[in-house]
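# Understanding the architecture of this molecule
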Amino acid sequence: MKPVPDATSLRRAPVQRRSVERLTRILDACAGLLDEVGYDALSTRAVAARAGVPIGSVYRFFGNKRQMVDALAQRNLERYAERVTRRLKGARPGGWRAAVDAVLDEYLAMKRTAPGFSLVDFGNQIPVGDRLAEPNHRVAENLTALLSGYLGRDPDAELRRMFLVAVETADTLVHLAFRVSPEGDEAIIAETRDLLRAYLARVLD
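Everything in this summary refers to the structure shown in the same document. (Residues numbered from 1 in each chain as written. Predicted model: local features only at pLDDT ≥ 70, side-chain atom pairs only at ≥ 80, totals over all residues. Heavy atoms only, no water.)

### Describing the overall build of the protein
Here is the rule we go by: Segments assigned H or I by DSSP are reported as helices when at least four residues long, segments assigned E as strands when at least two residues long, and all are numbered from the N terminus. Residue burial is assigned from relative accessible area. The probe radius is 1.4 Å, only protein chains are included, and a residue is buried under 20% of its type maximum, exposed over 50%, and partly exposed in between. Accessibility throughout is a Shrake-Rupley quantity obtained with a 1.4 Å probe, and a residue counts as covered only by protein chains that appear here.
Of regular secondary structure, the protein possesses nine helices and zero strands. Starting at the N terminus and ending at the C terminus, the protein contains elements arranged as α-α-α-α-α-α-α-α-α. The burial tally for the protein puts 45% of its 205 residues in the buried class. Just so you have it, the protein exposes about 10500 Å², and 51% of that area is on carbon and sulfur atoms.

What follows is the structure, given as structure tokens:
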């Protein structure tokens, strides 16, 4: 996985190591400030100050704060895929229930611990970037690519549709769990896990 978001989300892609490190500091500062002040009060100037970089460095990569937060959402998705991949390395190939647990557990872990994630996650929570980008489609496509080989299945239309429905369902129920409890209501999370397993079993068993 790339250490920074895909270049298509940036005005200018970092080339030198110093630029990569500066971009990482900017996104880290953005994530921390989102937790502290929220999206509406977020400013590029405050991010630059927190990151310890000139304001021009922020505008080198981003035209406005929406582009910056969209890049943070993309980085979240890349880091999430890395976490799921690491989790599955020790699991038995083809064991789709282990894959479902990895997908759900790593999302919950990021929701609880990753700075800014509870507000932004993969771009679903606030109006960032292109409104037609449909972040859950992006998540489902990534999971299809990531898990199809592990499951020993072709990433065909049926598998893509199944993962999209699963992602949309889990997204709605997990957000309900976190509305009920700041740490995520465990009973609702358990119901979510059971529901996903029952749905996926129709195709994967």
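### Side note on the packing of aromatic side chains
Stated precisely, the cut-off is as follows: The pairing test for Phe, Tyr and Trp rings, Trp by its six-membered ring, is centres within 6.5 Å, and the orientation test on the planes gives stacked under 30 degrees, edge-to-face over 60, and tilted for anything in between. Here, a charge over a ring means that NZ of Lys or CZ of Arg falls within 6 Å of the ring centre while also lying within 35 degrees of the ring normal.
Within the structure shown, the criterion is met by six aromatic pairs. Note on Tyr80 and Phe122: the rings are 5.2 Å apart at their centroids and 45 degrees apart in plane angle, and the pair reads as tilted. Pair noted here: Tyr80 is in helix H4 (residues 65-89) and Phe122 is in the loop between helix H6 (117-120) and helix H7 (135-151), with a separation of 42 residues, a long-range link. Accessibility expressed as a relative area gives 3% for Phe122, which makes it buried. An aromatic cluster is built from Tyr80, Tyr107, Phe117 and Phe122, whose rings are joined through pairwise contacts. Taking the ring centre of Tyr39 as reference, the NZ or CZ of Lys65 above it sits at 4.5 Å.

### Re helix H1 (residues 17-37)
Our working rule: For a helix, the expected span equals 1.5 Å multiplied by the number of residues minus one.
Here H1 is 21 residues long and its end C-alpha atoms lie 30 Å apart, about the 30 Å a rise of 1.5 Å per residue gives. Where H1 is concerned, the buried positions are Ser19, Leu23, Ile26, Leu27, Ala29, Cys30, Ala31, Gly32, Leu33 and Leu34. Looking one or two places after H1, you find Gly38, whose phi comes out positive at around 85 degrees.

### Here's the deal with the nonpolar core
Going by this rule: Definition of nonpolar core: a set of buried residues of the types Ala, Val, Leu, Ile, Met, Phe, Trp, Tyr and Cys, connected through side-chain atoms within 4.5 Å. Residues are treated as being in contact if the distance between any of their heavy atoms lies within 4.5 Å.
If you look at the biggest cluster of nonpolar residues, it comprises 36 residues, and the most contacted ones within it are Tyr80, Leu88, Phe122, Leu147, Leu151, Leu200 and Leu204. For this core, the elements supplying multiple residues, two or more each, are H4, helix H5 (96-113), H7, helix H8 (157-180) and helix H9 (186-204). Ignoring anything within four residues of it in the chain, the contact list for Tyr80 reads Val103, Leu104, Glu106, Tyr107, Met110, Phe122 and Leu143. Cys30, Leu33, Ala71 and Leu72 belong to the second-largest nonpolar core, a separate cluster that totals 23 residues.

### Topic: the side chain of Asn76
Put simply, the rule is: By the criterion applied in these results, polar contacts are pairs of N or O atoms within 3.5 Å in which, for protein atoms, one can donate a hydrogen and the other can accept it, and in which residues neighboring in sequence qualify only through two side-chain atoms.
Following the sequence through the fold, Asn76 ends up in helix H4. Only 2.9 Å separates the side chain of Asn76 from the backbone oxygen of Asp121, close enough to count as a polar contact. When near neighbours in sequence (up to four residues on either side) are disregarded, Asn76 contacts Met110, Phe117, Val120, Asp121 and Phe122.

### Details of unusual backbone geometry
Of note, Asp121 is a non-glycine position whose phi angle comes to about 35 degrees, a positive value. Inspection of the secondary structure puts Asp121 in the loop between H6 and H7. Owing to a relative accessible area of 0%, Asp121 belongs among the buried residues under this scheme.

### Details of the packing of H8 against H9
Formally: In this analysis an axis means a line fitted to C-alpha atoms, helices contributing only their contacting stretch, and an angle means the value between N-to-C directions, from 0 to 180 degrees. Note on angle classes: values under 35 degrees are labelled roughly parallel, values over 145 roughly antiparallel, values of 65 to 115 roughly perpendicular, and the remainder oblique. Note that Gly is not counted as nonpolar here; it falls among the polar residues with everything else outside the nonpolar set of Ala, Val, Leu, Ile, Met, Phe, Trp, Tyr, Cys and Pro and the charged set of Asp, Glu, Lys and Arg.
At a closest axis distance of 9 Å, the pairing of H8 and H9 adopts a crossing angle of 170 degrees. With respect to their mutual orientation, H8 and H9 come out roughly antiparallel. Residues Glu158, Leu159, Arg161, Met162, Val165, Ala166, Thr169, Ala170, Leu173, Leu176, Ala177 and Val180 of H8 form the contact with H9, whose own contacting residues are Ile188, Ile189, Thr192, Leu195, Leu196, Tyr199, Leu200, Val203 and Leu204. Among the residues making up the contact of H8 with H9, the classes are represented as 17 nonpolar, two polar and two charged.

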